[in-house]
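The primary structure of each chain is shown beneath.
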Amino acid sequence: MGFVYQALPMRVRFAQGALAEIPAEMNHLGLKRVLVLATPEQRDLAERVAAGLGDLAAGVFAEARMHVPAEVARRAGDVAGRLGADGCVAIGGGSTIGLGKAIALRLGLPIIAVPTTYAGSEMTPIWGLTEGGEKRTGRDPKVLPASVVYDPDLTTTLPAGLSVTSAANAMAHAVEALYAPDSSPIISLMAEEGVRALTEAIPGVLADGGAGEPRSVALYGAWLCGACLGATTMSLHHKICHGLGGTLDLPHAPTHTVVLPHVLAYNQDHAPAARAAMSRALGTSGDPAIRLWDLLHDWGAPTSLRELGMRREDIATIVCRTLANPYANPRPVTAEDLTGLLTRAWSGDRPATG
Ligand code: NAD
């Protein structure tokens, strides 16, 4: 055994009703006037939060969009400056937290992240900005949220479909962390527990529309999976999904959901410890990739790239893009193998194993 582990300075407050503790977090961070960020779809929530904060809120900017368009980030930064904000409260999924990160990158304003999906951006120092159809990403410690407030009650409005695809998006971080070149024993523990918690919780989330215990367990799992993403370097699965999202504009979480069982099937026999951890986490003595595909299918998730709008002829484009730059992966990746993997994912076939 040998590893390097660099802990990230994360502060997490986790409880049902924790949304009410934003003033306590602001006090802890020494913030006096925050700009509240959201998507247009979550504007009402942001306005309620800002009203509750009273003078502690500088205003609301509810124009966050997928993949953080640079023009939106510029405007949001200008608004933060004009209103004299000394920090941001980003309430929403990865798109809103991504906007907070873009502001932090430019102006250095600390972020209080209040995640409402399982995407995990709140746990990472990774930022992204899209301009002229190109998404640039990077790592910078100053975009890591200074404080993260997890309130499971906020996930009760997540539509069932998004609960499932977002959970699979979270699991993808854990899967790739388990065989990452910079993984470590603590990350493996978090990854396995994160997948286990999400696997346990999702049936309850789907059965119970309310704010029951499964919502807490799912968000707890998402937290762990997000921490795995923040601590490690991702491999084949994420390269494929970045191509599908960036080049073909396929939707983020559903794309991860469809591709993950196929990449797990491709890699698992070349990463025995990861395979064993996934078997335990998914509760199977059989093949974990098949078990994952079956679970996602049972939970009503999309299982083909075709149904997400991809054309068959785009497979070759994604193969080229995925092979363009080298990266670590437990199993070497050839154009032929990748074409087979993507063809199965495109068609909605079960993963090829053995
Ligand atoms: P999202 O933030 O785009 O949200 C999708 C939609 O769901 C939005 O309309 C949003 O307002 C709505 N929504 C979110 N939570 C809701 C809730 N509880 N109830 C009702 N509606 C809700 O989706 P996402 O999957 O969370 O994030 C995807 C984006 O995040 C992508 O751009 C991805 O690249 C990025 N991301 C970045 C990182 C990182 O570390 N930088 C990590 C994960 C994802």
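Residues numbered from 1 in each chain as written. Predicted model: local features only at pLDDT ≥ 70, side-chain atom pairs only at ≥ 80, totals over all residues. Heavy atoms only, no water.

### Points about the site of the ligand
The ligand sits among 22 residues. The nearest are Thr 39, Ser 95, Thr 116, Thr 117 and Thr 124. Within the side chain of Thr 117, an N or O atom sits 2.7 Å from an oxygen atom of the ligand. Separating an oxygen atom of the ligand from a side-chain N or O atom of Thr 124 is a distance of 2.6 Å. Burial of the ligand by the surrounding chains reaches 84%, relative to a free accessible area of 860 Å². Grouping the constituent residues of the shell around the ligand by class yields 7 nonpolar, 12 polar and 3 charged. Composition of the shell around the ligand by domain shows at least three residues from each of domain 1 (11–155) and domain 2 (160–347). (Near = heavy atom within 4 Å. Polar contact = N/O pair within 3.5 Å; in protein donor to acceptor, adjacent residues only side chain to side chain. Areas by Shrake-Rupley, 256 points an atom, 1.4 Å probe, with all protein chains shown as cover. Nonpolar A, V, L, I, M, F, W, Y, C, P; charged D, E, K, R; others polar. Domains from an automatic or database assignment.)

### Some remarks on the domain arrangement of the protein
In terms of domain boundaries, the protein breaks down into domain 1 (11–155) and domain 2 (160–347). Taking only C-alpha atoms into account, the centre of domain 1 sits 26 Å from that of domain 2. With 18 residues of domain 1 at the contact, the number on the domain 2 side is 22 residues. Of the roughly 1800 Å² buried between domain 1 and domain 2 on both sides combined, carbon and sulfur atoms contribute 64%. Where domain 1 meets domain 2, there are 0 salt bridges. (Contact = heavy atoms within 4.5 Å. Buried area = accessible area lost by both parts, 1.4 Å probe. Salt bridge = Lys/Arg side-chain N within 4 Å of Asp/Glu carboxyl O.)

### What about the nonpolar core?
Counting 96 residues, the largest nonpolar core has Leu 99, Tyr 118, Ile 240 and Leu 305 as the members making the most contacts within it. By residue number, the principal contributor to this core is helix H5 (residues 160–178), which donates 10 residues. When residues of this core are sorted by domain, at least three fall in each of domain 1 (11–155) and domain 2 (160–347). The residues touching Leu 305, leaving out its near neighbours within four places in the chain, are Leu 244, Leu 250, Val 258, Val 259, Met 310, Leu 342, Ala 345 and Trp 346. (Core = buried A, V, L, I, M, F, W, Y, C linked by side-chain atoms within 4.5 Å. Buried < 20%, exposed > 50% of the residue type's maximum accessible area, 1.4 Å probe, protein only. Helix = DSSP H or I, 4+ residues; strand = E, 2+ residues; numbered from the N terminus.)

### Some remarks on the packing of helix H9 (residues 252–267) against helix H13 (residues 335–347)
Remark: H9 packs on H13, axes separated minimally by 9 Å, with the N-to-C direction vectors making an angle of 140°. As judged from the angle between their axes, H9 and H13 are oblique. The interaxial crossing formed by H9 with H13 has right-handed handedness. Where H9 approaches H13, its residues Val 258, His 262, Val 263 and Tyr 266 are matched on the opposing element by Asp 337, Leu 341, Arg 344 and Ala 345. Split by residue class, the contact of H9 with H13 holds 5 nonpolar, 1 polar and 2 charged. (Axes fitted to C-alpha atoms, helices over the stretch in contact; angles between N-to-C directions. Parallel < 35°, antiparallel > 145°, perpendicular 65-115°, else oblique. Left-handed = near helix turned anticlockwise from the far one by under 90°.)

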